[in-house]
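Take a look at the letters that make up each chain.
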Amino acid sequence: FCSACIKSFQKQKKFCPLDRKQLSKHELKPSSSLVRRLVDKMLVHCPNRDFCQERVSRVELEKHLIQQCRGFVCRCPRHESHGCDFVGPRCHLEDHLWECLA
């Protein structure tokens, strides 16, 4: 489990999610570098599945979301200079820019 997930689980439950034995936060240990490398190679679906059907390695997911994902929620680049309040998926941004303050 990643750190954020297991800590969130631990706030609600005081047992191991696999075997249900009692578990304290002091018993948790970081995974080995081998496990991290294996998990990072796993292919995952983009979480913006309504707009993006990409599958990328887990280690590349953040880069995909920020730089390429069609479903990544972004703000109009004219927000500060023109006060535009558009916030939406990247795939709608190009159409928006044609209409923005036209």
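Before reading on, note that the structure itself is shown above.
The structure presented is a predicted model; accordingly, all values stated were derived computationally and were not measured. (Residues numbered from 1 in each chain as written. Predicted model: local features only at pLDDT ≥ 70, side-chain atom pairs only at ≥ 80, totals over all residues. Heavy atoms only, no water.)

So, the overall build of the protein chain
Moving on, step 1. Secondary structure assignment for the protein chain yields 5 helices and 4 strands.
Moving on, step 2. Scanning the protein chain from its N terminus toward the C terminus, one meets helices and strands in the order α-α-β-β-α-β-α-β-α.
Moving on, step 3. For 102 residues, the compact-globule estimate of 2.2 N^0.38 gives 13 Å, and the protein chain exceeds it by more than 25% at 20 Å.
Moving on, step 4. Seen along its three principal axes, the alpha-carbon backbone of the protein chain occupies a region of about 60 × 30 × 20 Å.
Moving on, step 5. Classification of the 102 residues of the protein chain by burial places 24% in the buried group.
Moving on, step 6. Residue pairs in contact within the protein chain that sit at least 24 positions apart in sequence constitute 7% of those at least 6 positions apart.
Moving on, step 7. Surface accessibility of the protein chain: about 8,400 Å² in total, with carbon and sulfur atoms responsible for 54%. (Helix = DSSP H or I, 4+ residues; strand = E, 2+ residues; numbered from the N terminus. Rg over C-alpha atoms; globule rule 2.2 N^0.38 Å. Buried < 20%, exposed > 50% of the residue type's maximum accessible area, 1.4 Å probe, protein only. Contact = heavy atoms within 4.5 Å. Areas by Shrake-Rupley, 256 points an atom, 1.4 Å probe, with all protein chains shown as cover.)

Overview of the side chain of H64
Moving on, step 1. Its place among the elements puts H64 in helix α3 (residues 61-67).
Moving on, step 2. In this structure H64 comes out as buried when scored by relative accessible area, which is 3%.

Overview of unusual backbone geometry
Moving on, step 1. Its identity is not glycine, yet R20 carries a phi of approximately 65°, on the positive side.
Moving on, step 2. As for its placement among the helices and strands, R20 is situated in the loop between α1 (3-12) and α2 (33-41).

Some points on the packing of aromatic side chains
Moving on, step 1. Counting across every chain of the model gives 1 aromatic pair.
Moving on, step 2. Ring centres 5.7 Å apart and planes at 85° place the aromatic pair F9 and F15 in the edge-to-face group. (Phe/Tyr/Trp six-rings, centres within 6.5 Å; stacked < 30°, edge-to-face > 60°.)

Focus on the side chain of Q10
Moving on, step 1. Secondary-structure assignment places Q10 in helix α1.
Moving on, step 2. Accessibility expressed as a relative area gives 8% for Q10, which makes it buried.
Moving on, step 3. Residues within four places of Q10 in sequence aside, it is in contact with F15, L23, S24, K25 and L28.

Points about the environment of H79
Moving on, step 1. One can find H79 in helix α4 (residues 79-82).
Moving on, step 2. Residues H79 and P89 lie 10 residues apart in sequence; the distance between their C-alpha atoms is 15 Å.
Moving on, step 3. Separated by 2.9 Å, the side chain of H79 and the backbone oxygen of C84 make a polar contact. (Polar contact = N/O pair within 3.5 Å; in protein donor to acceptor, adjacent residues only side chain to side chain.)

Describing the state of the cysteines
Moving on, step 1. Following the criterion strictly, the structure yields 0 disulfides and no others.
Moving on, step 2. Here C52 is not cross-linked by a disulfide; its sulfur's nearest cysteine counterpart is in C46, at 3.8 Å.
Moving on, step 3. In this model C74 remains outside any disulfide bridge; the closest cysteine sulfur is found in C76, 8.8 Å from its own.
Moving on, step 4. A relative accessible area of 14% means that C74 is categorised as buried. (Disulfide = S-S within 2.5 Å.)

So far we have only geometry, and geometry alone does not tell us how the molecule works.
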